[in-house]
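Single-letter residue listing:
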Amino acid sequence: MNGAESLVRTLVNGGVDVCFSNPGTSEMHFVAALDRVDGMRCVLALFEGVATGAADGYARMAEKPAATLLHLGPGLANGLANLHNAQKASTPVVNIVGDHATYHRQYNSPLTSDIETAAEPFSGWVRTSPDAKHVAIDGADAIAAAMTPPGQVATLILPGDTAWDEGAGSAVVPKIPERAKVSEDAIKEAARALQAGPAAMLLLTGLALRDKGLELAARISAKTGCRVMAQTFNRRMERGAGRFSVERVPYPVDQALAALNGTKRMVLVGSKEPVAFFAYPDKPSKLSPEYCEFTTLSRPEEDSVHAMEWLADEVGATKQPVDLSKYAPPALAKGKIEAMSIAQSLGALIPENGIIVDEGVSTGRGFFPATKNAHPHTWLQNMGGSIGIGMPLATGAAVACPDRKVINVQADGSAMYTIQSLWTQARENLDIVTILLNNRSYAILRMELANVGAQNVGRKALDMLDLSRPDLDFVKLASGMGVPGERVTTMEEFNDAVARGLAVKGPYLVEVMLV
Ligand SMILES: Cc1ncc(C[n+]2csc(CCOP(=O)(O)OP(=O)(O)O)c2C)c(N)n1
Ligand SMILES: [Mg+2]
């Protein structure tokens with residue numbers, strides 16, 4: 001058994017049985033091993049950013065990592081933006097990068113680069129395998145590293161000779177540490193903060209936004225009167241009928257300041273102190289009021305659910321009745337297409353257990369209120385701010401959950417970074433409806449231009465934020481990659497098209513003309 005085969009066997013035995021890949025010569029032995037080892041599903045991506053974003057979406061839904069397979073430094077470089085997003089979301093990824101054979105590196109042939117240095121800032125763990133005998137152990141360590149709470153990108157670099165030389169057989173994944181339990185002090189402090197009077201808030205992210213965490217937050221809030229909010233961006237949030245509905249801290253700084261104004265004590269549950277995405281002249285970086293005191297109930301790597309159970313007990317909220325969202329979808333919107341009409345129709349159209357992948361950018365920002373009484377569903381967001389995540393994330397989520405419908409709410413500019421995702425969706429026949437929001441612009445940046453106080457803005461500047469001349473035709477782009485679709489210009493057409501897409505088994509694209 002060569003090193004490559006020992007690695008593939010180690011991955012499959014370790015539960016990593018999906019690989020999003022874009023291989024090259026240095027990865028050919030890994031590719032060849034796929035046919036000798038049962039149990040590894042290999043999904044071809046036509047750009048590395050699709051592979052890395054899909055690995056992120058897969059792990060968020062499957063709750064275990066996928067592997068990637070990338071070609072040397074340049075392949076990694078193409079995948080780094082979505083690895084950045086995965087790392088910020090604490091998503092476990094086993095990121096495998098091929099390299100030249102150890103003895104070949106000295107010749108500095110064309111594809112040679114310092115892969116470790118390139119991987120470092122976007123990975124929580126990096127290792128280069130020294131020889132074929134170590135590949136399996138290194139692979140097993142990479143799985144454990146990726147899954148160590150709260151989860152991270154583990155990059156394993158494989159020189160060619162480590163793949164083709166004789167290996168040592170498959171290796172067993174070391175014991176993965178459990179999430180640490182919080183201290184009694186953390187509980188007492190949090191309880192004190194919530195009971196010290198009005199104006200307290202629980203700020204949630206991570207595990208706290210899953211079913212059990214939400215239910216506990218609801219009980220604690222009902223008992224103590226505290227407000228509950230989620231971070232602006234979260235890895236995964238359970239929503240809709242039967243769940244406790246939680247609003248997020250708004251993205252625009254002024255709205256965030258208003259939402260948090262008056263908060264005297266904030267209890268962080270896996271979350272961080274809220275700060276602005278960017279600095280703006282004359283606006284604060286911190287979004288909470290100056291007088292707000294912070295208490296950490298649980299850190300991202302700790303067991304937030306256990307902490308909230310304990311906290312509920314501490315404040316006497318374990319049996320507190322709670323008010324959960326009912327199934328009460330809005331009526332389908334009619335007439336002109338606008339952000340709020342799309343939100344309203346979405347609230348009616350989200351299917352039972354749908355997965356919403358949200359890269360709606362400026363159009364999608366206000367979609368929460370109108371969808372809170374929809375069928376139960378899962379909401380995935382970008383935690384790293386690097387756009388071009390939506391289509392890959394949807395691809396990976398659909399691979400992880402073949403029995404659930406994925407709706408990718410997707411802004412046009414962001415779509416164009418990783419549009420090749422559609423080809424993978426077609427090849428794998430993934431159940432994804434892409435709602436492509438075509439506003440022919442980087443609309444958010446038009447607002448940002450004003451927000452940062454840029455003066456004397458003229459044609460040249462505005463052209464950098466404009467996606468017309470030529471206009472993109474997303475139905476044609478999709479069709480060229482094997483994905484059927486249609487363009488809609490009214491809400492009536494929108495409603496019918498999304499329903500048609502949801503009825504199809506496989507990918508479908510609805511191009512929504514916003515201007
Ligand atoms: C990798 C990366 N490049 C550039 C940006 C800067 N950026 C932020 S939003 C945006 C435009 C988004 O346009 P679109 O997806 O069409 O959404 P809209 O603003 O129109 O709603 C850009 C270029 C970024 N965040 N990440
Ligand atoms: Mg746009």
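First, a word on what this report is: a plain description of the structure on this page. (Residues numbered from 1 in each chain as written. Chains lettered and ligands numbered in written order. Predicted model: local features only at pLDDT ≥ 70, side-chain atom pairs only at ≥ 80, totals over all residues. Heavy atoms only, no water.)

1. Things to note about the pattern of salt bridges
Close approach of charged atoms lets side chains of opposite charge pair. Evaluated as defined, the whole model comprises 33 salt bridges. A salt bridge links Asp 463 to Arg 469; the shortest N-O distance between them is 2.4 Å. Overall, the relative accessible area of 26% leaves Asp 463 in the partly exposed class. Looking at Arg 469, the relative accessible area reads 54%, which means it is exposed. (Salt bridge = Lys/Arg side-chain N within 4 Å of Asp/Glu carboxyl O. Buried < 20%, exposed > 50% of the residue type's maximum accessible area, 1.4 Å probe, protein only.)

2. Focus: the site of ligand 1
As a structural note, the neighbourhood of ligand 1 is formed by 18 residues, with Ser 362, Asp 412, Gly 413, Ser 414 and Ile 444 the closest of them. Take Ala 443: an N or O atom from its main chain is 3.0 Å from an oxygen atom of ligand 1. Ile 444 places a main-chain nitrogen or oxygen 2.7 Å from an oxygen atom of ligand 1. For ligand 1, the accessible surface in isolation is 580 Å², of which the surrounding protein chains cover 78%. (Near = heavy atom within 4 Å. Polar contact = N/O pair within 3.5 Å; in protein donor to acceptor, adjacent residues only side chain to side chain. Areas by Shrake-Rupley, 256 points an atom, 1.4 Å probe, with all protein chains shown as cover.)

3. Quick word on empty space enclosed by the protein
Rolled over the atoms, a probe sized like a water molecule indicates the empty space that remains. Summed over all chains, the structure comprises two cavities of 30 Å³ or more. Volume-wise, the largest cavity comes out at about 50 Å³. Taken together, Ser 26, Glu 27, His 29, Phe 30, Leu 69, Ile 96, Val 97, Gly 98, Leu 158 and Ala 163 make up the lining of the largest cavity. For the lining of the largest cavity, the secondary-structure elements that each account for two or more residues are helix H2 (28–33) and strand S4 (93–99). The residue makeup of the lining of the largest cavity, split by class, is six nonpolar, three polar and one charged. Taken as a whole, the second largest cavity holds about 40 Å³ of empty space. Along its surface, the second largest cavity is lined by Met 237, Glu 238, Arg 239, Gly 240, Arg 243, Phe 244, Ser 245, Val 246, Ser 325 and Lys 372. Grouping the constituent residues of the lining of the second largest cavity by class yields three nonpolar, three polar and four charged. (1 Å grid on protein atoms, 1.4 Å probe; cavity = no way out; pocket = protein on both sides within 12 Å on 5 of 7 lines; lining within 4 Å. Points joined across faces, edges and corners; volume = space filled by probe spheres on them. Helix = DSSP H or I, 4+ residues; strand = E, 2+ residues; numbered from the N terminus. Nonpolar A, V, L, I, M, F, W, Y, C, P; charged D, E, K, R; others polar.)

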